[in-house]
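Next come the chains, spelled out residue by residue.
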Amino acid sequence: MPVTEALKLTCAACGQANRVPLARLGDAPKCGICGAVLVDGAVHELDAASHDKVTRGDGLPVLVDYWAPWCGPCRMMAPEFAKAAKALEGQARLMKLNTEDHPQISARAGIRGIPALILYRNGREVARLAGARPAADILAFVRQHAV
């Protein structure tokens, strides 16, 4: 019996690690515990625990937007980040972390200004991008460094 290649994807909702066969990546795979869709082209909010699990163990590249609700450029970039997430569906996962709610994570990541984008792949930071960006810049950044 042949071994099916699979990716490990962490559920942003409950933190559960899931193995997803590569052939099923485009079928909107769901978490085996909570049923949340794992790859849907949407931006998902992370908490401290899910941030660490997703950035350290996911099989797809993960781009995290470190932001805060009071940040005007962060709010302006949100729709562009969502457009990029949709365009990168199945190639990368785009997540957000509220630095107001999780200052320990942003301090550990060395965030000095927001919005800040950090791209993770295979459990390691690959690249950073500072400031609000249009979707085209976000796509080019991810494709240059991860896809």
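Here the structure is a predicted model, which means the values were calculated and not measured.

Engineer: How do you make sense of the state of the cysteines when you look at a structure like this?
Structural biologist: By definition, a disulfide links the sulfur atoms of two cysteines through a covalent bond. If you walk through the whole model with that rule in mind, you get one disulfide. Covalent S-S linkage joins C71 and C74, the inter-sulfur distance amounting to 2.5 Å. Its torsion about the S-S bond being 75°, the disulfide of C71 and C74 is classed as right-handed. No difference in accessibility class separates C71 from C74, as the two residues are buried.

Engineer: Whenever I open this one, the pattern of salt bridges confuses me. Can you help?
Structural biologist: Pairing between side chains of opposite charge can happen when their charged atoms approach one another. Enumeration according to the criterion identifies seven salt bridges in this entry. For R108, the salt bridge identified is with D52, shortest N-O distance 2.3 Å. In this pair, R108 sits in helix 3 (residues 103–108) while D52 sits in helix 1 (residues 48–57), placing the two residues 56 residues apart along the sequence. D52 sits in the buried class, given a relative accessible area of 17%.

Engineer: Just to check I follow, could you spell out the sheet that holds strand 5 (residues 93–98) for this structure?
Structural biologist: Either a parallel or an antiparallel arrangement is found when strands of a sheet pair, and the pairing is made through backbone hydrogen bonds. Spatial strand order, 3-5-4-6-7: five strands in an open sheet with mixed pairing. In this open sheet, the two strands that pair with only one neighbour each are strand 3 (44–46) and strand 7 (124–130). Going from strand to strand, the sheet's axes swing by 30° on average, the running direction of each strand aside. Pairing geometry for strand 4 (residues 62–67) and strand 5, over six bridges, is parallel.

Engineer: Even after reading the chapter, I still don't get the side chain of N98, so can you show me in this structure?
Structural biologist: Mapping N98 onto the fold places it in strand 5. A relative accessible area of 7% places N98 in the buried class. If sequence neighbours within four positions are ignored, N98 has contacts with E45, W67, A68 and P69.

Engineer: Before we go on, may I ask you to explain empty space enclosed by the protein in this structure?
Structural biologist: Applying the stated criterion across every chain, the model contains one cavity of 30 Å³ or more. What the largest cavity holds in volume is close to 70 Å³. Partitioned by chemical class, the residues of the lining of the largest cavity number six nonpolar, three polar and three charged.

Engineer: Teacher, can you tell me more about helix 1 here?
Structural biologist: Note that an α-helix has 3.6 residues per turn; residues three or four places apart therefore point the same way. Among the ten residues of helix 1, seven are classified as buried, and the element is accordingly described as predominantly covered. Put simply, D47 is the residue that caps the front of helix 1, since its side-chain oxygen is 3.2 Å from the backbone nitrogen of A49.

Engineer: Help me understand the packing of aromatic side chains in this model?
Structural biologist: What describes a pair of aromatic rings is the distance from one ring centre to the other and the angle between the planes of the rings. Across all of its chains, the model carries zero aromatic pairs by this definition. The ring of W67 has K96 lying over it, and the distance from NZ or CZ to the ring centre is 5.2 Å.

Engineer: Explain the pairing of strand 6 (residues 116–121) to me, please; I cannot follow it from the model alone.
Structural biologist: The two faces of a sheet get side chains in turn, since along a regular strand they alternate between them. The element strand 6 is extensively covered by neighbouring structure, given that five of its six residues are classed as buried. Relative to strand 6, strand 4 runs antiparallel, the two being bridged by five bridges. Each residue of the ladder has a partner; that of V62, found in strand 6, is Y120. Between strand 6 and the antiparallel strand that follows it, strand 7, lie two residues; N122 among them carries a positive phi value of about 55°.

Conventions and cut-offs
Residues numbered from 1 in each chain as written. Predicted model: local features only at pLDDT ≥ 70, side-chain atom pairs only at ≥ 80, totals over all residues. Heavy atoms only, no water. Disulfide = S-S within 2.5 Å. Buried < 20%, exposed > 50% of the residue type's maximum accessible area, 1.4 Å probe, protein only. Salt bridge = Lys/Arg side-chain N within 4 Å of Asp/Glu carboxyl O. Helix = DSSP H or I, 4+ residues; strand = E, 2+ residues; numbered from the N terminus. Pairing = 2+ DSSP bridges. Axes fitted to C-alpha atoms, helices over the stretch in contact; angles between N-to-C directions. Contact = heavy atoms within 4.5 Å. 1 Å grid on protein atoms, 1.4 Å probe; cavity = no way out; pocket = protein on both sides within 12 Å on 5 of 7 lines; lining within 4 Å. Points joined across faces, edges and corners; volume = space filled by probe spheres on them. Nonpolar A, V, L, I, M, F, W, Y, C, P; charged D, E, K, R; others polar. Polar contact = N/O pair within 3.5 Å; in protein donor to acceptor, adjacent residues only side chain to side chain. Phe/Tyr/Trp six-rings, centres within 6.5 Å; stacked < 30°, edge-to-face > 60°. Lys NZ or Arg CZ within 6 Å of the ring centre and 35° of its normal.

Don't take any of this as a statement about function, it's just geometry.
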